[in-house]
Number of protein chains: 4
Amino acid sequence: MSGRHETSVELRVRYGETDQMGVAYHAHYLVWCEMARTEHMRRLGVRYRDLEEGGIKLAVAEASLRYARSARYDDLVRVTAWIADVGSRRVTFRYRVERPEDNALLCTAETALVSLDHANRPTRLPDAALAIMESVVGDA
Amino acid sequence: MSGRHETSVELRVRYGETDQMGVAYHAHYLVWCEMARTEHMRRLGVRYRDLEEGGIKLAVAEASLRYARSARYDDLVRVTAWIADVGSRRVTFRYRVERPEDNALLCTAETALVSLDHANRPTRLPDAALAIMESVVGDA
Amino acid sequence: MSGRHETSVELRVRYGETDQMGVAYHAHYLVWCEMARTEHMRRLGVRYRDLEEGGIKLAVAEASLRYARSARYDDLVRVTAWIADVGSRRVTFRYRVERPEDNALLCTAETALVSLDHANRPTRLPDAALAIMESVVGDA
Amino acid sequence: MSGRHETSVELRVRYGETDQMGVAYHAHYLVWCEMARTEHMRRLGVRYRDLEEGGIKLAVAEASLRYARSARYDDLVRVTAWIADVGSRRVTFRYRVERPEDNALLCTAETALVSLDHANRPTRLPDAALAIMESVVGDA
């Protein structure tokens, strides 16, 4: 982990997340990444639910995923999130999706989020949240 | 159709809606029923989007589904909705899900919705909406 | 728990599971029920993944849900599953969905599953699985 | 359209596709892109269902999305797909997601798919499919 600030969540692939290829459908990886992102923010003390209740939304502006191997139904999957970059109105998270059972790398991903106010205009992140996120910016 | 007021929508089963059994995952039928319900209300002149913008939400209180045959990826599916019962705070829809290609019945379903205000308290449906829905109550 | 054989799983409501009403979308409860059902079977020693690899599928034939209260984003939710009835080709599960934080009951549900062979014909459950499930039939 | 070979599909944003931000959840755009991709292939005469029944799967290897504006519940959305690049084992699609009502661009996306055999090994696309796809490669 070499000093990187990151958070992992584990989940089991749900039956409804498989497709007829017998593997987890590719769009669900974005949902899993969000789960790890939410937990990472919670652990840092920037609970997304609180941000939103305070009038700030983080909307996904860009997403990219590179799929390496498939996940199957009932597989245990580990998703790790960390902050790769942060600015006053934008924060970029990176992700690794792995299968702990055989340490296989399933997917890497990145999402950039922009901070929006209640009228959906770009706005500064709250100072406290920004300071925390700046303090843990890392890279793979 | 024997005088029944009902509305049908057609959709193709999406790849992401299949599961590894090779058929449409059972939870998606609730989504399809909602599509037909939305269209039925739109056609009756009770646009759900307008209701919600007017402060009224219709929340699903009960749902039941009886699955008869499976739908496969890329199958064309027809979902028909009609109002089976309506009261001042509650409306019950019924549904038939069919495959037009061979006229197979895939599923029948029923959902009861309750009318909620902005604080999520049960509330009367708007008079105009109620009058329209009462005028088309039918049964299978 | 009064001697009842049941299994609970806990999950957090994902952002992607909310809808614009600000609550968990009703169709996802079927997915959550399946998670508890899968874990219950795993704990009983009837792993669904093994059943399917052995050529037996359990297809949902009927589902019914009664929604009592809403779950919100990031809420912790507990889903408990038990077997209410079992026959040679059919098993019925019941579910309670609760919010541990305030012990609120969110939903009760029931699904009936039928045992299908590789050609999707109804078939007997494997004897071992049947015996296990019969030994734990309980009711709420 | 300027001679470009492309196919558009239209869909309405489903209630279950919204999230509590009141807009279509970002992961669903991948599902919508797949709908347009499927229709584009069907129109070209390379029906994905037939490919798969012939033992060839197209698995998503990379995806990237750039979100410009949000789609709301009940919005009509148009998704256009075209082939940006094709090789013997890999085909890249690009997408535009637009709202016809005001001609707003909602999202642009790209997915690269690899051709896999029944054992999930990379394999050549069938000659006929490859020839067709090569003949319509275009770019935005």
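Predicted, not measured: the structure shown is a model, and the values here were computed from it.

**Student:** Any details on the sheet that holds strand β2 (residues 57-67) of chain D? Residues and values, ideally.
**Tutor:** The strand order across the open sheet built from ten strands is β1(A)-β3(A)-β4(A)-β5(A)-β2(A)-β2(D)-β5(D)-β4(D)-β3(D)-β1(D), with neighbouring strands paired in antiparallel fashion. With partners counted over all chains shown, the strands left at the sheet margins are β1 (6-12) of chain A together with β1 (6-12) of chain D, one partner each. The average undirected angle you get between the axes of adjacent strands in this sheet is 25°. Of the strand pairs in this sheet, strand β2 (residues 57-67) of chain A and β2(D) are connected by five bridges, and their pairing is antiparallel.

**Student:** Lay out the sheet that holds strand β4 (residues 90-99) of chain C with the relevant residues and their values.
**Tutor:** With antiparallel pairing, the ten strands of this open sheet are ordered in space as β1(B)-β3(B)-β4(B)-β5(B)-β2(B)-β2(C)-β5(C)-β4(C)-β3(C)-β1(C). Edge positions in the open sheet fall to β1 (6-12) of chain B together with β1 (6-12) of chain C, since each of these has one partner strand only. Averaged over all neighbouring strand pairs, the angle between strand axes comes to 25°, with direction disregarded.

**Student:** Outline the interface of chain C and chain A, supporting the account with residue identities and numerical values.
**Tutor:** Counting residues at the interface gives 20 residues for chain C and 20 residues for chain A. When chain C packs against chain A, the two sides together hide about 1,700 Å² of surface, and 40% of this comes from carbon and sulfur. Counting the surface chain C buries against chain A, the share from its top three residues, C:Arg14, C:Arg49 and C:Tyr73, is 39%. There are ten salt bridges connecting chain C and chain A. Elements with a minimum of two residues in the side of chain C that touches chain A: α1 (28-44) and α2 (48-53) of chain C. It is α1(C) that provides the largest number of residues to the side of chain C that touches chain A, a total of seven residues. Here the side of chain C that touches chain A is composed, by residue class, of six nonpolar, two polar and twelve charged.

**Student:** Which residues make up helix α1 (residues 28-44) of chain D, and what values do they have?
**Tutor:** All names here are of chain D. Helix length check: α1, at 17 residues, gives a terminal C-alpha distance of 25 Å against a target of 24 Å (1.5 Å per residue), a fit within 8%. Burial within α1 is extensive, with 13 of its 17 residues counted as buried. Downstream of α1 by one or two residues, Gly 45 has phi in the positive range, about 95°.

**Student:** Please set out the relation of the copies chain C and chain A residue by residue, giving values where relevant.
**Tutor:** Here the second copy of the chain follows from the first by a rotation about an axis and a shift along it. Rotating chain C by 180° and translating it 0.0 Å along the rotation axis places it on chain A, where the RMSD comes to 0.0 Å. What the rotation and shift describe, once combined, is the action of a two-fold rotation axis. Closest approach to the rotation axis within chain C is made by the C-alpha atom of C:Leu11, at a distance of 4.7 Å. Same-surface contact between copies: 100% of interface residues of chain C are shared with the interface of chain A.

Definitions and cut-offs
- Residues numbered from 1 in each chain as written.
- Chains lettered and ligands numbered in written order.
- Predicted model: local features only at pLDDT ≥ 70, side-chain atom pairs only at ≥ 80, totals over all residues.
- Heavy atoms only, no water.
- Pairing = 2+ DSSP bridges.
- Helix = DSSP H or I, 4+ residues; strand = E, 2+ residues; numbered from the N terminus.
- Axes fitted to C-alpha atoms, helices over the stretch in contact; angles between N-to-C directions.
- Contact = heavy atoms within 4.5 Å.
- Buried area = accessible area lost by both parts, 1.4 Å probe.
- Salt bridge = Lys/Arg side-chain N within 4 Å of Asp/Glu carboxyl O.
- Nonpolar A, V, L, I, M, F, W, Y, C, P; charged D, E, K, R; others polar.
- Expected span 1.5 Å × (residues − 1).
- Buried < 20%, exposed > 50% of the residue type's maximum accessible area, 1.4 Å probe, protein only.
- Least-squares fit on C-alpha atoms with pLDDT ≥ 70 in both.

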